[in-house]
Structures are given as structure tokens and as C-alpha cells.
Amino acid sequence: MKPKHIIILLTSALLFPVLTSNAQAKNEALNAKVERFLNDHKRDWRDMNVPYEDGKILHDLIVKNGYTSGLEIGTSTGHSTIWLAWAMSKTGGKVITLELNERRYKEALKNIAEAGLSDYVDARLGNAHKLVKEIPGPFDFVFSDADKDWYKQYFIDLESKLKAGGCFTTHNVADGQANADFLNYVKSHPQFTTTIDRTSRAGIMISYKKK
Ligand SMILES: C[S@@+](CC[C@H](N)C(=O)[O-])C[C@H]1O[C@@H](n2cnc3c(N)ncnc32)[C@H](O)[C@@H]1O
């Protein structure tokens, strides 16, 4: 081995632990910041946002499966987005989120920044009926939480953009908001295996696309 190569090897061996511990410290600081934000604001959400417990269910699904390309329909002021983005910060992914209402969209941007998660979110203002058809994907995680009468159409538009092994989640499926036609369509879909998490008061439908 040439002296030049020995120097490169030694430098890398010395630098590796420093870089690793820097990255670890950065992750720990971000986790602490997000946790603080979520706890401090637990009772502040007023715009049809998911409760803390439902946010955690979504976060855990992403982390458990290592998903990296998320889509959320219905940002509101960003509570669920923050949970999804926090999970994406752990998997090395990003979430696109869609919102029609400009006031809520702007507030979401502020909340996401305050939580320290702007790097993991691509927030778009517009009508999801159109945007969902236009965004190419593919995605490995979807959270559908906007207009309930469009749930079925969102699902149909995204079926082919969801990767095999990916997961399509839908909020409010056990509180009478999602219609029976949509629920039957998803439950009987041959390409999906569907369960409902009823620990969530609203009910979260979890549909895995078969591999
Ligand atoms: C139940 S809230 C979303 C709550 C959010 N996921 C959270 O937990 O923080 C539904 C949101 O979807 C938005 N929305 C409804 N129809 C929409 C559409 N066609 N395109 C985009 N957003 C829409 C509403 O403005 C509302 O803010």
C-alpha cells in the first residue's frame, strides 16, 4: 500500500466517529425539539386535526416499515403532517402534503417550521382533486384526511402510484364520516389487505398493497 493510501485510510478512520457523533447529536436535538413542540401544543389544535394518539399511530407505521415517500391529503394546520414528517426524518424520507385553504396552509407552514421539520415536508396549496391526479408518485405511504365524499376517488387515483408493500391510510372510518361505498371498495380490493385501527376513536383504515 502506498503512503498516500495509508494517510487516506487513517484520516477516514479518525473522521468517521466524529462525523457519526455529530449526526447523532443533530438527530437527538431534532427529536427533542419535535417532542417538545408536540407536547406543548397537545391541546391547541382547532382545525379538525387528528389527536396526538392518531398522529403517533401514523408515525409508528412509517418508522416500522421504513417508508420514505409520503403523501398526505388534507394538511389543515399541520398536526398530522408534523407526525409524518418526524417519522420521515428518521427514515430519510419526505412527505408531500396538500391543502386547499390558504389560512390553514400558511399556519401549517409556521407550525412545521417551529417543530424544526421543514426539510422533510413539501407543502402544496391547491385542490387535491386535481393535484392527486397530477403528482406522479410513486409513494410508499399515503394518509387521506380531506373531503370524505372524495375518499374513493383519491384511492382510485393513487392505487397505481402506491408501491407494492406500501400503505394507504384513511382517517375517520369508524365515526360515520367515510361512506359505505368507499369502505366496501377498499376492503374488497384484491390488491390490498385492509384492517381498521380502532384504538383511534375516529378509526384509521390501514390498507397494505400486496407484494
Ligand atoms: C380533517 S382536516 C385535516 C387535518 C390534518 N390532517 C391534521 O390532522 O392536522 C381536512 C383538511 O382538508 C382540506 N381539504 C378539504 N377538501 C380539500 C381538497 N379538495 N383539496 C385540498 N384540501 C382539502 C380542508 O381544508 C381541511 O383543512
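Refer to the structure printed above.
Residues numbered from 1 in each chain as written. Predicted model: local features only at pLDDT ≥ 70, side-chain atom pairs only at ≥ 80, totals over all residues.

1. Here's the deal with the overall build of the chain
Move 1: Scanning the chain from terminus to terminus reveals seven helices and seven strands.
Move 2: Helices and strands appear in the chain in the N-to-C order α-α-β-α-β-α-β-α-β-α-β-α-β-β.
Move 3: Along the longest, intermediate and shortest principal axes, the C-alpha atoms of the chain span 70 × 40 × 30 Å.
Move 4: By the burial criterion, 36% of the 211 residues in the chain qualify as buried.
Move 5: Long-range contacts, defined as pairs at least 24 residues apart, comprise 72% of the intrachain contacts of the chain with a sequence gap of at least 6. (Helix = DSSP H or I, 4+ residues; strand = E, 2+ residues; numbered from the N terminus. Buried ≥ 20, exposed ≤ 12 C-beta atoms within 10 Å, placed from the backbone. Contact = placed C-beta atoms within 7 Å.)

2. What to know about the sheet that holds strand E4 (residues 139-144)
Move 1: In spatial order, the strands read E3-E2-E1-E4-E5-E7-E6; together these seven strands make up an open sheet with mixed pairing. Edge positions in the open sheet fall to strand E3 (121-125) and strand E6 (192-197), since each of these has one partner strand only. In this sheet, adjacent strand axes meet at a mean angle of 15° when their direction is disregarded.
Move 2: Where E4 lies against strand E5 (residues 162-171), five bridges are found, and the strand directions are parallel. Residue pairing for E5: Phe 141 is matched across the bridge by Cys 167.
Move 3: Contacting strand E1 (69-73), strand E2 (94-99), E3 and E4, helix H3 (residues 79-91) runs over the sheet at an angle of about 165° to E2.
Move 4: Along the sheet, helix H6 (residues 151-158) makes contact with E1, E4 and E5, crossing E5 at roughly 170°. (Pairing = 2+ DSSP bridges. Axes fitted to C-alpha atoms, helices over the stretch in contact; angles between N-to-C directions.)

Interpretation in functional terms is not warranted from these geometric data alone.
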